[in-house]
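Next come the chains, spelled out residue by residue.
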Amino acid sequence: MDENDLQHLPCEGGQKKKFKRCKSKKIKNSSHTAEVIGVLQSLLIDKAFCDVKLETDDGTVIHGHKLILMSASPYFRIMFNSFEETDKDHVVIKGISSTILKLLINYIYSGEIILNEENVKDVLAAADLMKLFYIRIAYEKFLQT
């Protein structure tokens, strides 16, 4: 439902009023996003409702939810919409170590990334591949410290 739909919700007695506008006020739950992200993290930790397994070159399998991955990364959006992986629940991700992929998946589910001198270049390369653009900003901040 978009904002235009919300403006035309029933007003009095459950009937739409075409010419008379109801007084409305948009109310935002400031903790909603954090709560939803917390639930998504719990689902990932519990491997609940996961519909994809990402396997790295070393054989490590990382679980995920296609919808969450697609919502955060154009790389996954294209993968799960346009390529043979669309109907697969097991995908091999080549050229990214399991450590780096775990960091990126955690970032997708939490918005947090751990950078250090040992991983920063590999994280940046993988983030660029997955089009996780905020990580480039984090990388630049990391270099400034």
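Predicted model only: the values in this text are computed from it and were never measured.

Cut-offs used in this document
Residues numbered from 1 in each chain as written. Predicted model: local features only at pLDDT ≥ 70, side-chain atom pairs only at ≥ 80, totals over all residues. Heavy atoms only, no water. Phe/Tyr/Trp six-rings, centres within 6.5 Å; stacked < 30°, edge-to-face > 60°. Helix = DSSP H or I, 4+ residues; strand = E, 2+ residues; numbered from the N terminus. Buried < 20%, exposed > 50% of the residue type's maximum accessible area, 1.4 Å probe, protein only. Axes fitted to C-alpha atoms, helices over the stretch in contact; angles between N-to-C directions. Parallel < 35°, antiparallel > 145°, perpendicular 65-115°, else oblique. Left-handed = near helix turned anticlockwise from the far one by under 90°. Contact = heavy atoms within 4.5 Å. Nonpolar A, V, L, I, M, F, W, Y, C, P; charged D, E, K, R; others polar. Polar contact = N/O pair within 3.5 Å; in protein donor to acceptor, adjacent residues only side chain to side chain.

**Student:** What is the right way to read the packing of aromatic side chains from this model?
**Tutor:** Two measures describe an aromatic ring pair: the distance that separates the ring centres and the angle between the ring planes. Taken as a whole, this structure holds three aromatic pairs when the rule is applied. Judged by centre distance (6.5 Å) and plane angle (5°), the rings of Tyr-107 and Tyr-134 are stacked. In this pair, Tyr-107 is assigned in helix H5 (residues 98–110) and Tyr-134 in helix H7 (residues 134–144), connecting sequence segments 27 residues apart. Taking relative accessible area as the criterion, Tyr-107 reaches 14% and is therefore assigned buried.

**Student:** Mind showing me how you'd approach the packing of H5 against helix H6 (residues 120–130) here?
**Tutor:** At a closest axis distance of 10 Å, the pairing of H5 and H6 adopts a crossing angle of 60°. As far as their axial angle goes, H6 and H5 are oblique. By crossing handedness, the relation of H5 to H6 is classed as right-handed. Each of Ile-100, Leu-101, Leu-103 and Leu-104 in H5 lies in contact with H6, whose residues at this interface are Asp-122, Val-123, Ala-126, Ala-127 and Met-130. Considering only residue class, the contact of H5 with H6 consists of eight nonpolar, no polar and one charged.

**Student:** Please explain the side chain of Ser-73 as it appears in this structure.
**Tutor:** Along the polypeptide, Ser-73 turns up in the loop between helix H3 (66–72) and helix H4 (74–82). Within polar-contact distance, the side chain of Ser-73 engages the backbone oxygen of Met-130 at 2.6 Å. When neighbours within four sequence positions are excluded, Ser-73 is seen to be in contact with Met-130 and Leu-132.

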